[in-house]
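# Structural overview for review
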Amino acid sequence: MPASVQPYFFLSYAHTPRFGPGGPDPDMWVERLFRDLCSHIMALTDLPAGSEAGFMDREIRSGEGWSERLGAALATCRVFVPLFSPRYFASEMCGKEWFAFAQRTIQHGAVSNQPAAEAIVPALWVPVPPSQLPGPAERLQFNHNTFGERYVTDGLYGLIKLRGYAEQYEQAVYELARRIVRVAETVRLHPVRPLDYRVVPSAFGHSGGQGPAPGGSPSRTLHVTVAAASRHDLPDGRSPEYYGESALDWNPYHPTSQRPVAYVAEDLVKNLNYQTTMSSFDDEAGHFDSKQPPTRPEILIVDRWAVEDEQRRQRLAAFDQEHRPWINVVVPWNRYDHQSRAKEAELARRLEETLPVKMGQGRAACRAAANGVASMETLGQILPQVVEAAAQQYLRHAQVYLPAGNTSTERPRLLGPMGMGGPPPLPPPAPFPPARRHGGGGPDGDTDEYGEDTDTDPGGRG
């Protein structure tokens, strides 16, 4: 992508429908804001004439190649500017844009050994109550008060539309431009390979027109467990440079990544509007009970070297014999790790023998994740699909109960952190487009995009 078309910032906003054919375009006010921001940024920086100070997708969304150009802009821009409004968080397309950019910041943070870089600079188009913000927006550390009191109460839309607030509008836009420049110069995100925007999940936890998951709600939870050694109990001859004080410190993608894979995965899962908990498999071993209904979907991250310890291998084998399809396995694998590459065939075979059910369970993406995720970039692409599959299996197996005064026509509700409290929950929206169904299916009637059983259970358990 030529440098001349790499935008300084990406303006992400929810399109407002026209009132009728030939009526005024409500997005013209967003275009004015965009032009004003570009003008300020050109004045505040040394960008050469003709540079792309900003990017907004209004003119290309329905045009040829819009997906590729959108993906390229998200992969190269320095700052992401979402225009907050109730409509914004109800938009799947805006959630996709947020996720694609946030994934870049997570990778940047892993390489620099820092939490995910704060290269997202939100702006209030219309004020949104904190209770309506999804998790990724709620977690942003951002003080809007520095842009002016009237900006906080009315948002940019109010300032730009209402007479008498021109001065407050100019102040807010100028301060926003200054913040964009300051963040761009501080964080310095590197360009990455563009994602396919059409299959990017939404950071707001919805897709297919289902509407947003409840903002600020603790109901979407997911647990991450890591099966790996610490540097104190490594197999003979295994290099300690990939390990730390506990399993949660395992860093398979060293030296490219400076952060343990558990924390990178946690950031990616949070970017799907989940709350997360984490633990070591060694600490959890013996606490699983397949006879009890699940309380949350789970991801088990496994180091192939973990099966070199016989006691841990036996615990993993026992875990595999329990029917828990709401737990999916992810196996990070670094082929630049010379020790792992030398023993790849042997370690892969032993893990396959230890976890035969889990290694073959689920849709195609889940099986690919269990067979080895070769890079941190690939982890970011495949983990959302694995999370979505685990969440759907959780909803199939979670316990239901009848509310007080229930009649036969009332819908039962789920027990557990994805179902307690409030109205009956909808199934969690798929981060990726639903797989095509061909009928048949496994014990739970689910098939993947190839028509294959997605809940493999060779032993007929359950």
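Described in the following lines is the structure provided in the data block. (Residues numbered from 1 in each chain as written. Predicted model: local features only at pLDDT ≥ 70, side-chain atom pairs only at ≥ 80, totals over all residues. Heavy atoms only, no water.)

The subject of this paragraph is the overall build of the protein. The secondary structure content of the protein amounts to 15 helices and 10 strands. Out of the 462 residues belonging to the protein, those deemed buried represent 53%. Once local pairs closer than 6 in sequence are excluded, the contacts in the protein between residues at least 24 apart make up 73%. Carbon and sulfur atoms make up 52% of the accessible area of the protein, which totals about 20,700 Å². (Helix = DSSP H or I, 4+ residues; strand = E, 2+ residues; numbered from the N terminus. Buried < 20%, exposed > 50% of the residue type's maximum accessible area, 1.4 Å probe, protein only. Contact = heavy atoms within 4.5 Å. Areas by Shrake-Rupley, 256 points an atom, 1.4 Å probe, with all protein chains shown as cover.)

Close contact between helix α1 (residues 28-44) and helix α7 (residues 166-187) brings their axes to 9 Å; oriented N to C, the two are set at 55°. Comparing the axis directions of α1 and α7 gives the class oblique. When the axes of α1 and α7 are compared, the crossing they make is right-handed. For the pair α1 and α7, the contacting residues are Arg 32, Leu 33, Asp 36, Leu 37, His 40, Ile 41 and Leu 44 in the first and Tyr 169, Glu 170, Val 173, Tyr 174, Leu 176, Ala 177, Arg 178, Ile 180 and Val 181 in the second. Its residues placed into classes, the contact of α1 with α7 shows 11 nonpolar, 1 polar and 4 charged. (Axes fitted to C-alpha atoms, helices over the stretch in contact; angles between N-to-C directions. Parallel < 35°, antiparallel > 145°, perpendicular 65-115°, else oblique. Left-handed = near helix turned anticlockwise from the far one by under 90°. Nonpolar A, V, L, I, M, F, W, Y, C, P; charged D, E, K, R; others polar.)

Okay, the environment of Tyr 242 next. By the secondary structure assignment, Tyr 242 is in the loop between β5 (221-227) and α8 (261-270). Assessed through its relative accessible area of 6%, Tyr 242 is described here as buried. With residues up to four places along the chain from it excluded, the contact list for Tyr 242 reads Asp 249, Trp 250, Asn 251, Pro 252, His 254, Asn 334 and Asp 337.

A separate point is the packing of aromatic side chains. Enumeration over the complete set of coordinates arrives at 14 aromatic pairs. Three or more aromatic residues joined by ring pairs make a cluster, and in this case those are Phe 10, Phe 55, Phe 80, Phe 84, Tyr 88, Phe 89, Trp 98, Phe 101 and Phe 204. Above the face of the Tyr 274 ring, Arg 220 is positioned so that its terminal group lies 4.1 Å from the ring centre. Directly above the aromatic system of Trp 333 lies the positively charged group of Arg 304, at a separation of 4.3 Å from the ring centroid. (Phe/Tyr/Trp six-rings, centres within 6.5 Å; stacked < 30°, edge-to-face > 60°. Lys NZ or Arg CZ within 6 Å of the ring centre and 35° of its normal.)

Residues that lie three or four places apart on an α-helix share one face, since the helix turns once every 3.6 residues. Every buried residue of helix α12 (residues 344-354) is listed here: Glu 344, Leu 347, Arg 350, Leu 351 and Thr 354. One face of α12 carries all of its buried residues, which in axial projection span an arc of 140°. Set apart from the buried face of α12 by more than 90 degrees, the exposed residues are Ala 345 and Glu 353. Its buried side turned inward, α12 meets β7 (298-302), α10 (310-320), α11 (338-342) and α13 (356-359). (Arc of directions from axis to C-beta.)

Formed by 104 residues in total, the largest nonpolar core has its most connected members in Phe 9, Phe 84, Phe 89, Trp 98, Leu 156, Ile 180 and Ile 299. Among the elements that line this core, the one with the most residues is α7, at 10 residues. Grouped together as the second largest cluster of nonpolar side chains are 18 residues, Trp 326, Ile 327, Ala 370 and Tyr 394 included. (Core = buried A, V, L, I, M, F, W, Y, C linked by side-chain atoms within 4.5 Å.)

Here the focus is the sheet that holds strand β3 (residues 79-84). A sheet is described by the order of its strands in space; here 4 strands give the open sequence β2-β1-β3-β4, paired in parallel fashion. The sheet terminates laterally at β2 (54-55) and β4 (123-124), the two strands that pair on one side only. Taken strand by strand, α1 contacts β1 (9-12), β2 and β3, and its axis lies near 165° from that of β1. Sheet strands in contact with α7 are β1, β3 and β4, and its direction is about 145° off that of β3. (Pairing = 2+ DSSP bridges.)

Summarising the sheet, β5 and strand β6 (residues 275-280) pair through 6 bridges and their orientation is parallel. Bridged to Leu 222 within β6 is Thr 276. Regarding the hand of the β-α-β motif, the stretch spanning β5, α8 and β6 is right-handed. (Right-handed = clockwise from strand over helix to strand, strands pointing away.)

Here we take up the pairing of β1. Residue alternation in β1 divides its side chains into two sets, Phe 9 and Leu 11 and Phe 10 and Ser 12, and both sets are buried. Examined bridge by bridge, β1 and β2 share 2 bridges and lie parallel to one another. Note that in β2 the partner of Phe 10 across the bridge is Phe 55. Bridge analysis of β1 against β3 gives 4 bridges, and the strand direction is parallel. Bridge pairing in β3 links Phe 10 to Phe 80.

All right, on to the pattern of salt bridges then. Within this structure, the stated rule accounts for 22 salt bridges. The partner of Arg 32 in a salt bridge is Asp 36, and the shortest N-O contact between them spans 3.7 Å. In this pair, Arg 32 and Asp 36 both sit in helix α1, 4 residues apart, roughly one turn of the helix. Two residues, Asp 337 and Arg 238, come together in a salt bridge whose shortest N-O distance is 2.9 Å. Within this pair, whereas Asp 337 is found in the loop between β8 (327-330) and α11, its partner Arg 238 is found in the loop between β5 and α8, the two being separated by 99 residues in sequence. On the basis of relative accessibility, which here comes to 3%, the residue Asp 337 falls in the buried class. (Salt bridge = Lys/Arg side-chain N within 4 Å of Asp/Glu carboxyl O.)

What follows deals with the environment of Gly 158. Tracing the sequence through the fold places Gly 158 in helix α6 (residues 149-161). Judged by its relative accessible area of 9%, Gly 158 is buried. In this structure the C-alpha to C-alpha distance between Gly 158 and Pro 127, which are 31 residues apart in sequence, comes to 9.6 Å. If near-sequence neighbours (up to four positions away) are discounted, Gly 158 is found in contact with Trp 125 and Tyr 165.

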